[in-house]
Amino acid sequence: MNVSDKAIEVIKHHEGVRQKPYQCPALLWTVGVGHVINPNHAKVPMAERKALPIPDGWDRKLDMEEVNAILKSDLARFERGVAQFCPVPLTQGMFDALVSFSFNVGLGTLQRSTLRQKLLRGDKEGAAEELLKYCMAGGKILKGLQNRRIDERAMFLS
């Protein structure tokens, strides 16, 4: 199964689209739709990341065709992860919501989640409700994450 065009638009809406590289809050060089240019930079101590240069060849404005190609490639990993960790019949909406959720919080979080446990037990309504629990960062509810989870829940139940 592949993520739908509708889900890609939802992911772009919530993640944002940046055609020029920038340092994200974790001080990693990022471009497009949350694409970390050099994942090895995550191994560099936080205090040293600010001084890291933009990786070679990335100090430019990407066109939307490039942004979309990078996103499609990034999403393929999450499509495979959802298929691997949720080996139950899924509707397109369920699959889309799980890919969006995983893209945001990581496949490890999906793998360990009560959301996944409920889905594997056949409790689809319970799984949908679990999505709404993932809207905090730094111990506070973030409106942007809350809105994303509401959209993902609606997608899941569609």
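Residues numbered from 1 in each chain as written. Predicted model: local features only at pLDDT ≥ 70, side-chain atom pairs only at ≥ 80, totals over all residues. Heavy atoms only, no water.

A word on the overall build of the protein. If you tally the helices and strands in the protein, you get eight helices and five strands. Secondary structure of the protein in N-to-C order comes out as α-β-β-β-α-α-α-α-α-α-β-β-α. Taken over C-alpha atoms, the radius of gyration comes to 16 Å for the protein, in line with the 15 Å a tight globule of 158 residues would show. Considered along the principal axes of its C-alpha atoms, the protein spans approximately 50 × 35 × 25 Å. Looking at the 158 residues of the protein, the share that counts as buried comes to 44%. Long-range contacts, defined as pairs at least 24 residues apart, comprise 55% of the intrachain contacts of the protein with a sequence gap of at least 6. As displayed, the protein has an accessible area near 8,700 Å², and 53% of this comes from carbon and sulfur atoms. (Helix = DSSP H or I, 4+ residues; strand = E, 2+ residues; numbered from the N terminus. Rg over C-alpha atoms; globule rule 2.2 N^0.38 Å. Buried < 20%, exposed > 50% of the residue type's maximum accessible area, 1.4 Å probe, protein only. Contact = heavy atoms within 4.5 Å. Areas by Shrake-Rupley, 256 points an atom, 1.4 Å probe, with all protein chains shown as cover.)

Here we take up the packing of aromatic side chains. Inspection of the entire model under this criterion finds two aromatic pairs. Arranged with centres 5.3 Å apart and planes meeting at 70 degrees, the rings of F78 and F103 form a pair that is edge-to-face. With a gap of 25 residues between them, F78 in helix 3 (residues 64-85) and F103 in helix 4 (residues 92-105) connect regions that are remote in the sequence. On the basis of relative accessible area, F78 is assigned to the buried category, the value being 7%. When its relative accessible area of 12% is taken as the criterion, F103 is described as buried. The positively charged end of R18 is found above the aromatic ring belonging to Y22, 3.8 Å away from the centroid. (Phe/Tyr/Trp six-rings, centres within 6.5 Å; stacked < 30°, edge-to-face > 60°. Lys NZ or Arg CZ within 6 Å of the ring centre and 35° of its normal.)

Most of the time, phi is negative for any residue but glycine, and the peptide bond is trans. Even without being a glycine, L27 presents a positive backbone phi close to 60 degrees. Tracing the sequence through the fold places L27 in the loop between strand 1 (18-23) and strand 2 (29-32). The buried category is assigned to L27, whose relative accessible area is 18%.

Coordinates in, geometry out; function isn't part of it.
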